[in-house]
Amino acid sequence: MPVTAVLILAAGTFAIRLAGPLLRDRVTLPEKVRELMSASATVLLLALVAVSALTNGRQFGGWALAAGVAVGGLAAWRKLPFVAVIVLAAATTAGLRLIGVA
């Protein structure tokens, strides 16, 4: 990637990050818009997790991977420590692959 492109992207990122604190007191959003933005951020994050966790390249990653992601998600929802979430998800996926689940 050319240095010019990196500098332009860096300047744009800095400008966006700077706009938040500068505009905090000048712009007020209705409560409904705040709720919608919060929900849309959650949906976007879940979609990103689903796509990156359940696919292997351009194809489905397999049922063992899907089960591992589900167990990890359940463990995170139950507020287990991060290490426990990772270990449970990895152990589930590895165990299912060990017994032949693709």
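Residues numbered from 1 in each chain as written. Predicted model: local features only at pLDDT ≥ 70, side-chain atom pairs only at ≥ 80, totals over all residues. Heavy atoms only, no water.

The next thing to look at is the UniProt feature "transmembrane region" (unreviewed entry) in the chain. Mapped onto this numbering, the UniProt entry annotates "transmembrane region" (unreviewed entry) at residues 35–53, 60–77 and 83–100. Between the C-alpha atoms that bound residues 35–53 the distance is 27 Å, and the span itself is 100% helix and 0% strand. In this annotation, residues 60–77 is assigned 83% helix and 6% strand; the end-to-end C-alpha distance for the span is 24 Å. (UniProt positions renumbered as here; feature names shortened; annotations may be inferred. Helix = DSSP H or I, 4+ residues; strand = E, 2+ residues; numbered from the N terminus.)

Applying the stated criterion to the full structure yields one aromatic pair. Relative to Trp 63, the ring of Phe 60 lies with its centre 5.1 Å away and its plane at 65 degrees, an arrangement referred to as edge-to-face. Classification of Phe 60 as partly exposed rests on a relative accessible area of 45%. In this structure Trp 63 comes out as exposed when scored by relative accessible area, which is 63%. (Phe/Tyr/Trp six-rings, centres within 6.5 Å; stacked < 30°, edge-to-face > 60°. Buried < 20%, exposed > 50% of the residue type's maximum accessible area, 1.4 Å probe, protein only.)

Turning our attention to unusual backbone geometry. Backbone geometry at Lys 79 places phi at a positive 65 degrees, although glycine is not the residue there. Of note, Lys 79 is situated in the loop between α3 (63–77) and α4 (82–98).

Inspection of the secondary structure puts Gly 61 in the loop between β2 (59–60) and α3. The class of Gly 61 is buried, set by a relative accessible area of 17%. When the C-alpha atoms of Gly 61 and Ile 16 are compared, they prove to be 35 Å apart, with 45 residues separating the residues in sequence. Beyond its immediate chain neighbours, meaning those up to four positions away, Gly 61 contacts Leu 54, Thr 55, Asn 56 and Arg 97. (Contact = heavy atoms within 4.5 Å.)

Following the sequence through the fold, Thr 93 ends up in helix α4. In this structure Thr 93 touches Ala 64, Leu 65 and Gly 68, once residues within four positions along its chain are discounted.

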